[in-house]
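Structural overview
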Amino acid sequence: MSITTFSSRAFNQDASKAKNATKDGPVIITDRGRPAHVLLTFDDYKKLSGQRTRIADLLAMPATADADDFELMIPPMGELAQSADLS
């Protein structure tokens, strides 16, 4: 992993270059020669913050034109639950 440094001016002139540099590691953005901000990929941010992926996010279906064609098949229930005999 390498750390890249951009001045605020260089970052403002070529933000896409700074975003591409995050593939190799964090990008430090300086303001008047001093580190002021850090640019990370979202995956690196999640690792750093300890943020866990929610199961709902993993199961979420991406929005597509074919989403209307999706049909959920739920099989009929066989036996119904019976109450417990606690005597």
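Quick look at the structure, then. Not measured: the values here are computed from a predicted model.

A look at the sheet that holds strand β3 (residues 34-39)
One open sheet accounts for 3 strands, arranged β1-β2-β3; its pairing is mixed. The sheet is open, and its two borders are formed by β1 (4-7) and β3, each paired with just one other strand. On average, each strand axis in the sheet is inclined to that of its neighbour by 35 degrees, with strand direction left out of account. By the bridge criterion, 4 bridges tie β1 to strand β2 (residues 27-31) in an arrangement that is parallel. Bridge pairing in β2 places threonine 4 opposite valine 27.

Definitions and cut-offs
- Residues numbered from 1 in each chain as written.
- Predicted model: local features only at pLDDT ≥ 70, side-chain atom pairs only at ≥ 80, totals over all residues.
- Heavy atoms only, no water.
- Pairing = 2+ DSSP bridges.
- Helix = DSSP H or I, 4+ residues; strand = E, 2+ residues; numbered from the N terminus.
- Axes fitted to C-alpha atoms, helices over the stretch in contact; angles between N-to-C directions.

What is shown is where atoms sit, not what they do.
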